[in-house]
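# Per-entry structural report
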Amino acid sequence: MEQERKNNMNGMEMEKGKRESGLRKGLELTMRVLALVLTMVAATVLGVAKQTKVVSIKLIPTLPPLDVSTTAKASYLSAFVYNISANAIACGYAAISIAVLMICKGRRSKGLLMAVLVGDLVMVGLLFSGTGAAGAIGLMGSQGNKHVMWKKVCNVFGKFCHQAAASVAITLLASIVFMLLVVLDAMKLP
């Protein structure tokens with residue numbers, strides 16, 4: 001009777017462990033899909049950001065202003081190109097990691113777990129650096145810099161600046177999702 005109760009308890013503990021493991025895998029898959037979507041959206045929003053305006057330039061105070069058509073594009077600023085590239089790389093990595101983890105459902109080795117952990121850590125660093133670079137240039141465009149006489153441009157290119165700001169915010173969210181994935185990966189290691 002006592003042995004039967006112990007076997008019953010061990011079976012219940014194993015079932016509880018399987019449920020927790022399944023729940024953790026479901027959470028990891030959901031977070032990876034979220035990271036994939038966030039990085040794809042951030043890269044797309046910034047990649048298509050473009051605005052053209054006619055700006056009046058006064059060359060000499062005695063002459064009338066000269067109207068010039070000016071365009072703002074993400075590809076004109078290397079920090080924005082870097083942010084788009086970082087998001088595209090993270091999006092590709094998220095897709096590959098989802099595929100690998102789906103293929104290796106039940107047989108995840110320590111080596112695979114370490115590779116995924118290192119990959120997630122690299123994505124965290126890449127996305128945070130892209131967020132910082134694009135955020136710094138966005139702040140410069142929003143506020144200008146009196147010391148080097150750079151004028152604000154967001155008062156002229158408002159739509160472009162709003163798209164860039166949205167992309168930076170989405171990239172920051174993707175960075176946080178990858179950081180949480182690192183925590184989940186670290187908890188799985190023996």
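The rules behind the values
Residues numbered from 1 in each chain as written. Predicted model: local features only at pLDDT ≥ 70, side-chain atom pairs only at ≥ 80, totals over all residues. Heavy atoms only, no water. Core = buried A, V, L, I, M, F, W, Y, C linked by side-chain atoms within 4.5 Å. Buried < 20%, exposed > 50% of the residue type's maximum accessible area, 1.4 Å probe, protein only. Helix = DSSP H or I, 4+ residues; strand = E, 2+ residues; numbered from the N terminus. Contact = heavy atoms within 4.5 Å. Expected span 1.5 Å × (residues − 1). Disulfide = S-S within 2.5 Å. Phe/Tyr/Trp six-rings, centres within 6.5 Å; stacked < 30°, edge-to-face > 60°.

This brings us to the nonpolar core. The biggest cluster of nonpolar side chains holds 27 residues, and the ones touching the most others in it are Met123, Val177, Phe178 and Leu181. Contributions of two or more residues to this core are made by helix 1 (2–47), helix 2 (78–103), helix 3 (110–143) and helix 4 (158–188). Once residues lying within four places of it in the same chain are set aside, the contact partners of Leu181 are Glu28, Met31, Arg32 and Asp120.

Here helix 3 contains 34 residues, and its C-alpha end-to-end distance of 49 Å stays within 8% of the 50 Å for a straight helix at 1.5 Å per residue. Where helix 3 ends, the next residue or the one after it, Gly144, has phi of about 70°, a positive value.

Evaluation of the coordinates by the stated rule reveals one disulfide. Note that Cys154 is cross-linked by a disulfide to Cys161, the S-S spacing being 2.0 Å. One disulfide, between Cys154 and Cys161, carries an S-S torsion of -90° and so falls in the left-handed class. As far as burial versus exposure is concerned, Cys154 and Cys161 are alike and both buried.

Under the criterion given, the structure shown has two aromatic pairs. For the ring pair Tyr93 and Phe178, a centre distance of 6.2 Å and an interplane angle of 40° mean the geometry is tilted. Highlighted residues: Tyr93 in helix 2 and Phe178 in helix 4, separated in sequence by 85 residues. Residue Phe178 is classed as buried on the basis of its relative accessible area, which comes to 1%.

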